[in-house]
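What the coordinates show
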Amino acid sequence: SRSLLNSPRTIAIGTARQPHSTIAHQIMLSDGQEHKDKLLIALLQQGDFNRTLVFANKRSTAVRLAGLLKYHKLRCDCLHGEMSTEDRRQVVTRFNDGKLSVLCASDVAARGIDIKDVRHVVNHDVPERPEDYVHRNGRTARAGAGGTAITLQCIDEGYVLKDIERLIGIEIERRDVEG
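All values derive from a computational prediction rather than experimental measurement. (Residues numbered from 1 in each chain as written. Predicted model: local features only at pLDDT ≥ 70, side-chain atom pairs only at ≥ 80, totals over all residues. Heavy atoms only, no water.)

Within the chain, the secondary structure is distributed over 5 helices and 7 strands. Ordered by position in the sequence, the α and β elements of the chain form the string β-α-β-α-β-α-β-β-α-β-α-β. Relative to its 179 residues, the chain shows a buried fraction of 46%. Carbon and sulfur atoms make up 48% of the accessible area of the chain, which totals about 10,000 Å². (Helix = DSSP H or I, 4+ residues; strand = E, 2+ residues; numbered from the N terminus. Buried < 20%, exposed > 50% of the residue type's maximum accessible area, 1.4 Å probe, protein only. Areas by Shrake-Rupley, 256 points an atom, 1.4 Å probe, with all protein chains shown as cover.)

In this structure, the largest pocket occupies an estimated 250 Å³ of space. Taken together, 15 residues line the largest pocket, and the ones lying closest to its centre are Gln33, Asn57, Asp125, Val126 and Glu157. Looking at side-chain class alone, the lining of the largest pocket contains 5 nonpolar, 4 polar and 6 charged residues. (1 Å grid on protein atoms, 1.4 Å probe; cavity = no way out; pocket = protein on both sides within 12 Å on 5 of 7 lines; lining within 4 Å. Points joined across faces, edges and corners; volume = space filled by probe spheres on them. Nonpolar A, V, L, I, M, F, W, Y, C, P; charged D, E, K, R; others polar.)

With that settled, consider helix H1 (residues 33–45). Residues separated by three or four positions in an α-helix point in the same direction, a consequence of the helix having 3.6 residues per turn. Its 13 residues place the ends of H1 19 Å apart at the C-alpha level, agreeing with the 18 Å of an ideal helix rising 1.5 Å per residue. Against the buried residues of H1 lie strand E1 (23–30), strand E2 (52–55), helix H2 (59–71), strand E4 (102–105), strand E5 (120–123) and strand E6 (147–154). Following H1 by one or two positions, Gly47 adopts a phi angle in the positive range, close to 55°. (Expected span 1.5 Å × (residues − 1). Contact = heavy atoms within 4.5 Å.)

Of all 8 residues making up E6, 7 are buried, and the element is well covered by its neighbours. Bridge analysis of E1 against E6 gives 8 bridges, and the strand direction is parallel. Pairing of Gln26 across the sheet is with Ile150, part of E6. In terms of strand pairing, E5 meets E6 through 4 bridges, oriented parallel. What sits directly across from His120, in E6, is Thr148. (Pairing = 2+ DSSP bridges.)

Let us now look at the side chain of Glu165. Here Glu165 lies in helix H5 (residues 158–168). Once residues within four sequence positions are removed from consideration, Glu165 is found in contact with Ile170, Glu171, Ile172 and Arg174.

This part covers the side chain of Thr52. Topologically, Thr52 is positioned in strand E2. A polar contact is formed between the side chain of Thr52 and the backbone oxygen of Phe49, at a distance of 2.8 Å. For Thr52, the contacting residues outside a window of four places in its chain are Leu44, Phe95, Ser101, Val102, Leu103, His120 and Val122. (Polar contact = N/O pair within 3.5 Å; in protein donor to acceptor, adjacent residues only side chain to side chain.)

This next bit is on the packing of aromatic side chains. In the structure shown here, the tally under the stated rule is 0 aromatic pairs. Just above the ring of Phe95 sits the side chain of Arg51; from NZ or CZ to the centre is 4.2 Å. (Phe/Tyr/Trp six-rings, centres within 6.5 Å; stacked < 30°, edge-to-face > 60°. Lys NZ or Arg CZ within 6 Å of the ring centre and 35° of its normal.)

Next comes the structure, spelled out in structure tokens:
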């Protein structure tokens, strides 16, 4: 391509490296997957965790989490790529209308879907690719609003978070959690 181009230039409008400056990033350390579920439930039952997106790496995990949160009396549903377009539209409409407080999703919700006023993003699973972290957490803090991004991390996921911190250029606060 270099032999065919005459003084090529690259123009980039925004990059996957730029997290919103109004997002508060936090990592909660976990003893394992079962502990992550308990942390998630406790987190969502405290404070104002209305308008929250919970991301999972797999469709099956997103579906399981939505069922678990419903069992614990949270207004929740699931969003993933294997749903029909109409089913996805209905779930997003219910979330946007305030009929759901939590939406468990695969990365289908990280880009291109109009989900309004997300205040919190919880990464139940550390994203497999650092760029996905930026896209997931970019669902909050839109139009100058603040937002919170919490990642639940097992010990064996630390290497991915180091790659994420290198990509976004910040060290994310870590919190040990009792229980």
